[in-house]
Amino acid sequence: MLSILPFGLLWACAAPPPPAAPMPVHDVHSFARPDQVRVQHLDLDLTLDFDAHVARGRVTLMLERIDPDAPLVLDTDGLQIDCIEVDNASVPVLLGEEDPHLGRALTIHLPPGIDCVTIHYATAPTAEAMQWLAPEQTNGGTRPFLFTQGQAILTRSWIPLQDSPAVRCTWSAKITAPAGLVPVMSADVRSWDGPVGCFQMTKPVPSYLIALACGDLTSRDISPRCAIWAEPATIDRAAAEFADTESMIAACEELFGPYRWGRYDVLVLPPSFPFGGMENPCLTFATPTILAGDKSLVALIAHELAHSWSGNLVTNATWRDFWLNEGFTVYLENRIMEHVYGKDRSAMEIVLGVQGLREELATLPDADQRLHIDLAGRNPDDGMTQVPYEKGAAFLRRLEQVFGRARMDAFLRAWFDQHAFRSLTTADFLAFLDQELLRGDPQRAAQIDVPRWVEAGGLPGDAPVPDSALFAQVDAVVAALQGGAAPASLDTKGWVTQQWLRFLGELKDPSPEQLAALDQAFAFTRSGNSEILAKWLELAIDHGYRAVDRRLDLFLMTVGRRKFLTPLYQALLRAEDGKARATAIYTKARPRYHAVAQRTLDDLLGFHPAGK
Ligand code: BES
Ligand code: ZN
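One structure accompanies this document, and this report is about it. (Residues numbered from 1 in each chain as written. Chains lettered and ligands numbered in written order. Predicted model: local features only at pLDDT ≥ 70, side-chain atom pairs only at ≥ 80, totals over all residues. Heavy atoms only, no water.)

**Comments concerning the sheet that holds strand 16 (residues 218–223)**
A sheet is described by the order of its strands in space; here five strands give the open sequence 16-17-18-20-19, paired in mixed fashion. One side of each edge strand has no neighbouring strand; the edge strands of this open sheet are strand 16 and strand 19 (277–278). Pairing of strand 16 with strand 17 (residues 226–230) involves five bridges; the strand directions are antiparallel. Across the sheet, the residue bridging to Asp221 is Ala227, located in strand 17. (Pairing = 2+ DSSP bridges. Helix = DSSP H or I, 4+ residues; strand = E, 2+ residues; numbered from the N terminus.)

In structure tokens, the structure reads:
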């Protein structure tokens, strides 16, 4: 059991504390030995082949040799290594045994004094980080599209490197695309010469934040440092939806310190993108399912933007410390939303988040309810539950509740300022918390059982209980409905998306007839709001309202966002004859989903595609 006491005691006896030297961190999800040889910069030169679904070229790695006798060990997954050049000579390609989660280690022996290696390689058409989309999977429908998704340990399937968040490097890249397609990357310096893009990331970043997309893309500036990127058919809607992005950046700067990455752009991807958003530096990747037309789902942009502080600037050192990325980010996201859209909006979002957490906690084994989760021998994806997100954020809200907002904000700002561009562990955070907040105020510190929050399952009894006056209105309407009021008579005037989500979440055991009446009154099946629609479809499947079937089919065939797919397929599996329906739809839709969504759904549906 981890306790904060030893740190306190140690430092109380032996003042002053030692300077924070980066401690070697053991990352169970990487073969790399950055304590021996460390990649400091990488330079990529890749050509994209959209016919073969392959990227081909080379990467040159610049190294720091800490142990002069040690080899360089890299992570790879499915790469075809053609040749490795060291000191102008070709060296043997030494690939280790395949690990089911980690891929294969690539060991390169280095002569004394050599600090540069070039690897010529090609990616596999099945590379998990890369999704190659057919033209019909895009909005324009005429050009193909490619995007990469590195987090958590997928970058190794398109670049051989030290694929651990504890290793940060700067990078540069030249990407050659077919004529008419535009490559973009998560870089702070970018230029184009026709279909050739040159990119540079001048700040040290972890490998999972190196990202590439390529398609028929255009951009629209919405402020001097912020542009929206999308297909031409999507750009107007996207730029309007995200018009408040600059205000969000300004809000986060006011609260937590300067934005240190230069530009902040948002790229809207085709709907098969498996996540809501991905915080690739300088260029957040986002699902088009948040284009609701009324800015009601832009908390996702606040979230990805907040990662520019929590996650990208101060990074989890290993995937068991993932809550340091996501819990902090959900906390910051809510603070940005409060600042830009007011307390009513952020309060509703917090209530929905905590409700989702409580529902998921009921389904998770105790060990997976811990913030500091043990992921040894597992895929880091297994830790991607509401626990690091919502329990992590609840922990920070508890600290805010006890110490007050002013001290909390100063604490967070110091966390970011003092650890900028570093990767840290849970123990690092606990030591900093002890030093900055707890030790100086034992009375308040005694009100929070920190080890219980971090190392135990469940939500501690001292977790703040959020509430929302706007939800009280919704609950009254739900009570009227349950008491027999007709849907058309309900007073829902002025309701916003979050209220509708609360409404749908509170309906208890509706009959198919009741759902039909609600649909008649509120047209849920035709909703253009993906969150409302997904919740409605789940309710309809669970309660036998079959009028949604065509809409459900269309949704599952176009949207690849795992957060929506998983509950919908789960609901189908719960329904009578659902397994056959689920399998029939999945068989058609599966080729359109990204590998990470496929993995989750293959497991859920017991699907074993040929060759797996
Ligand atoms: N970094 C995550 C996405 C992620 C996590 C990808 C782990 C792969 C592995 C991103 O910031 C995120 O949390 N996205 C959420 C949206 C957010 C509003 C909670 C998502 O995609 O649902
Ligand atoms: Zn996140």
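**Here's the deal with the pairing of strand 10 (residues 145–148)**
On strand 10, burial covers both faces: Phe145 and Phe147 on one face and Leu146 and Thr148 on the other are all buried. Looking at chain direction, strand 10 and strand 15 (residues 212–215) are connected through two bridges and run antiparallel. What sits directly across from Leu146, in strand 15, is Cys214. (Buried < 20%, exposed > 50% of the residue type's maximum accessible area, 1.4 Å probe, protein only.)

**What about the nonpolar core?**
Of all hydrophobic cores here, the largest spans 147 residues; its most connected members are Ile108, Ile119, Phe395 and Phe429. Contact partners of Phe395, with chain neighbours within four places excluded, come to Trp323, Leu371, Phe429, Leu433, Ile448, Val450, Trp453 and Val454. One finds Val548, Met557, Leu568 and Tyr586 within the second-largest nonpolar core, a separate group that totals 50 residues. (Core = buried A, V, L, I, M, F, W, Y, C linked by side-chain atoms within 4.5 Å. Contact = heavy atoms within 4.5 Å.)

**Remarks on the pattern of salt bridges**
A full pass over the atoms with the stated rule returns 39 salt bridges. Residues Asp441 and Arg444 are paired through a salt bridge, measuring 2.9 Å at the closest nitrogen-oxygen approach. On the accessibility criterion, Arg444 (33% relative accessible area) is partly exposed. With its nearest N and O atoms 2.8 Å apart, the salt bridge here joins Asp542 to Arg574. Of the two residues, Asp542 is situated in helix 15 (residues 530–542) and Arg574 in helix 17 (residues 562–574); the sequence distance between them amounts to 32 residues. Take Asp542: its relative accessible area is 32%, and that puts it in the partly exposed class. (Salt bridge = Lys/Arg side-chain N within 4 Å of Asp/Glu carboxyl O.)

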